[in-house]
Amino acid sequence: MKYQQIDNNLFVKNRKKFMARMKPKSIAVFNSNDLYPIGADSTMPFEQNRDLFYLSGADQEETILLLFPDAHEKKHREVLFVRETNAHIAVWEGEKLTKEKATEVSGIETIYWLTDFDKIFYDLMTEVETVYFNTNEHYRQAVETQTREDRFIIKCKQDYPAHLWAKSSPILQQIRGVKEPEEIAIMQTACNITEKGFRRLLQFVKPGVMEYEIEAELLHEFIRNRSKGFAYTPIIASGNNANVLHYIENNRECKDGDMLLMDVAAEYANYSSDLTRTIPVNGRFTPRQKAVYEAVLRVKNDATAMLVPGTMWGEYHKEVGKLMTSELLGLGLLDKADVQNEDKDWPAYKKYFMHGTSHHIGLNTHDYGALKTPMVANMVYTVEPGIYIPDEKMGIRLEDDVVIQEKGAPFNLMANIPIEVEEIEELMNANS
């Protein structure tokens, strides 16, 4: 892995939190992701199942984690199965986890080769009443592929029909949404790498550059700072492209007078950052561009201040809608009649700001986390309002990642990334 090894104390704490919430005489099973084929002998780059990584730090394919707090033998309360390595594999595929390295990475003492899984699992199941399955229940999931986890669940239900089944997801939603200090430090590293990429761009962007050239500059800066690359598919949208919320073609020329919306950020050690900045291609905002930009920035700043313990996610978004309505009235995009006659299920502001303002972020860009209970300290959220005006061929969105504090305003992990109009113009014109 490119990233520096993470202190296994993080994964020890995460397992303790999970096991403390398990039912008596229960076992939880977590499978790695598959290697997905492209064709012939090619595969997509491996990405570890984030729940398995969260609980073990193991970052390779063909890995299984068992958590069994009530196991008769103490050594079987935490067990990690990894693919057996040998000299041949080392030559052709590179270094894999040895048993000793797996313990070093995870803090788990009991490591078996994957070939021993069926035998050991059968023995443990004689002590088990309930099996926790790791199903994907994220509110935005839309998975059509059968995963390694899915195959295990089908086989387990066939082989052990008299056992009870439970879901890991509610526990994970609860504990993964509240970050440990080590996780926040890793996310800060991801944000710092993103900052380096953005500052590089401010010197690079000018009329005539292609959106994909900007993508290449970012990738260069991310990888040279130990990131695998983008935390999500980059959006580099100049001019009217910014009004397509998930524009990812990145194949157009950036033209004089355009605004350039970039929703781009680095990952680090499987943790995401999530940044959006919108800049003038020629380095100078027009009065109209500046007015819209500063309206979005005011909404972002005021929305950020609301992210404190006790805030409800749904109510927060309603309040942000009121802020945006006021700004759109000030910009002349809405009038009082639009607001008075609005559909309460689709308020008037949604014509120009149609997406949500915040989501949890962590090991996933759209991370796990409670949405129907009050916010608590050490939850990490994005804040990303935008105003999209197709008639003016302009879309402006601004986004930072912030950590809720016990008291006071949240801590902005992206506070050092330029966002004020004057600073962006100064940096873009530093060499002119």
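Residues numbered from 1 in each chain as written. Predicted model: local features only at pLDDT ≥ 70, side-chain atom pairs only at ≥ 80, totals over all residues. Heavy atoms only, no water.

An unreviewed UniProt entry annotates the chain as Xaa-Pro aminopeptidase of Arenibacter palladensis. Entered under Catalytic activity (unreviewed entry) in the UniProt record, the comment concerning the chain runs "Release of any N-terminal amino acid, including proline, that is linked to proline, even from a dipeptide or tripeptide." Its UniProt record, at the heading Cofactor (unreviewed entry), says of the chain: "Mn(2+)". (UniProt positions renumbered as here; feature names shortened; annotations may be inferred.)

### Points about the pairing of strand β15 (residues 386–389)
Here β15 shows no split at all, with Gly386 and Tyr388 on one side and Ile387 and Ile389 on the other all buried. Both β15 and strand β16 (residues 394–397) contribute to a ladder of four bridges, which runs antiparallel. Within the sheet, the bridge partner assigned to Ile389 lies in β16 and is Met394. The hairpin formed by β15 and β16 contains four residues between the paired strands, and Lys393 there has a positive phi angle of roughly 50°. (Buried < 20%, exposed > 50% of the residue type's maximum accessible area, 1.4 Å probe, protein only. Helix = DSSP H or I, 4+ residues; strand = E, 2+ residues; numbered from the N terminus. Pairing = 2+ DSSP bridges.)

### Focus on the domain arrangement of the chain
Segmentation of the chain into domains returns domain 1 (8–177) and domain 2 (181–429). For domain 1 versus domain 2, the distance between C-alpha centres works out to 35 Å. Facing the 17 residues of domain 1 at the interface are 21 residues of domain 2. When the two sides are added together, the surface that domain 1 and domain 2 hide from each other amounts to roughly 1,700 Å², 49% of it contributed by carbon and sulfur. There are three salt bridges connecting domain 1 and domain 2. The interface formed by domain 1 and domain 2 contains nine residue pairs in polar contact (both at pLDDT 80 or more). Counting residues per element, the ones that place at least two in the side of domain 1 that touches domain 2 are α1 (9–19), α2 (50–56) and α7 (169–176). Broken down by element, the residue count for the side of domain 1 that touches domain 2 peaks at four residues, all from α2. Broken down by class, the residue content of the side of domain 1 that touches domain 2 amounts to five nonpolar, five polar and seven charged. (Domains from an automatic or database assignment. Contact = heavy atoms within 4.5 Å. Buried area = accessible area lost by both parts, 1.4 Å probe. Salt bridge = Lys/Arg side-chain N within 4 Å of Asp/Glu carboxyl O. Polar contact = N/O pair within 3.5 Å; in protein donor to acceptor, adjacent residues only side chain to side chain. Nonpolar A, V, L, I, M, F, W, Y, C, P; charged D, E, K, R; others polar.)

### Quick notes on unusual backbone geometry
Negative phi characterises most residues that are not glycine, and trans characterises most peptide bonds. Of note, the phi angle at Glu62 is positive, near 55°, even though the residue is not glycine. Along the chain, Glu62 falls in the loop between α2 and β4 (64–67). Owing to a relative accessible area of 28%, Glu62 belongs among the partly exposed residues under this scheme.

### Some details on the sheet that holds strand β10 (residues 259–263)
Sheet strands pair via backbone hydrogen bonds, and the direction of the pair is either parallel or antiparallel. Strand order in this open sheet of three strands is β9-β10-β13, and the pairing throughout is antiparallel. Sheet topology places β9 (235–238) and β13 (276–280) at the edges, where each strand pairs with a single neighbour. Ignoring strand direction, the axes of neighbouring strands in this sheet form an average angle of 15°. Docked against the sheet, helix α9 (residues 211–223) engages β9 and β10, running at close to 145° with respect to β9. (Axes fitted to C-alpha atoms, helices over the stretch in contact; angles between N-to-C directions.)

### Overview of the sheet that holds strand β5 (residues 78–82)
Spatial ordering of the open sheet is given by β6-β5-β4-β1-β7-β8, a layout of six strands whose pairing is mixed. Edge positions in the sheet fall to β6 (110–113) and β8 (164–167), since each of these pairs with one other strand and no more. Strand-to-strand, the axes of this sheet are offset by a mean angle of 25°, without reference to chain direction. Here strand β1 (residues 26–31) pairs with strand β7 (residues 130–133) via three bridges, running parallel. Within β7, the position partnered with Ala28 by the bridge is Tyr132.

### Remarks on the side chain of Ser106
Tracing the sequence through the fold places Ser106 in helix α4 (residues 99–106). For Ser106, the side chain forms a polar contact with the main-chain oxygen of Ala102, separated by 2.7 Å. The contact partners of Ser106, leaving out residues within four places of it in the chain, are Asn8, Phe11, Val12, Arg15, Ser56 and Leu80.

### Digging into the packing of helix α8 (residues 181–204) against helix α13 (residues 421–428)
Where α8 contacts α13, the two axes come as close as 7 Å, and the packing angle between them is 60°. Taken together, the axes of α8 and α13 lie oblique to each other. Listed contacts from α13 to Arg199, Leu202 and Gln203 of α8 are Glu423, Ile424, Leu427 and Met428. (Parallel < 35°, antiparallel > 145°, perpendicular 65-115°, else oblique.)

### Focus: the packing of helix α10 (residues 287–305) against helix α11 (residues 313–330)
Two elements in contact, α10 and α11, have axes separated by 10 Å at closest approach and are oriented at 155°. One way to sum up the angle between α10 and α11 is to call them roughly antiparallel. For the crossing formed where α10 meets α11, the hand is right-handed. Within the contact between the two elements, α10 uses Ala295, Arg298, Val299, Asp302 and Ala303 and α11 uses Tyr316, Val320, Leu323, Met324 and Glu327. Considering only residue class, the contact of α10 with α11 consists of seven nonpolar, no polar and three charged. (Left-handed = near helix turned anticlockwise from the far one by under 90°.)

### Considering the packing of aromatic side chains
This model, assessed by the stated rule, comprises 15 aromatic pairs. Lying across the ring of Tyr54, Arg176 places its NZ or CZ 5.9 Å from the centre. In this structure, Lys206 is placed above the aromatic ring of Phe204, and the distance from its NZ or CZ to the ring centre is 5.7 Å. (Phe/Tyr/Trp six-rings, centres within 6.5 Å; stacked < 30°, edge-to-face > 60°. Lys NZ or Arg CZ within 6 Å of the ring centre and 35° of its normal.)

### Quick notes on α4
Listing the buried residues of α4 in full gives Ala102, Thr103, Val105 and Ser106. End-on, the buried residues of α4 take up no more than an arc of 165°, which puts them together on one face. Looking one or two places after α4, you find Gly107, whose phi comes out positive at around 80°. (Arc of directions from axis to C-beta.)

### Digging into the nonpolar core
Counting 104 residues, the largest nonpolar core has Phe18, Ile214, Tyr293 and Ile387 as the members making the most contacts within it. For this core, the leading source of residues is α8, giving ten residues. Lining this core are residues from two domains, each supplying at least three of them: domain 1 (8–177) and domain 2 (181–429). The next biggest cluster of nonpolar side chains, apart from the first, holds 22 residues, and it includes Ile64, Phe68, Met125 and Cys156. (Core = buried A, V, L, I, M, F, W, Y, C linked by side-chain atoms within 4.5 Å.)

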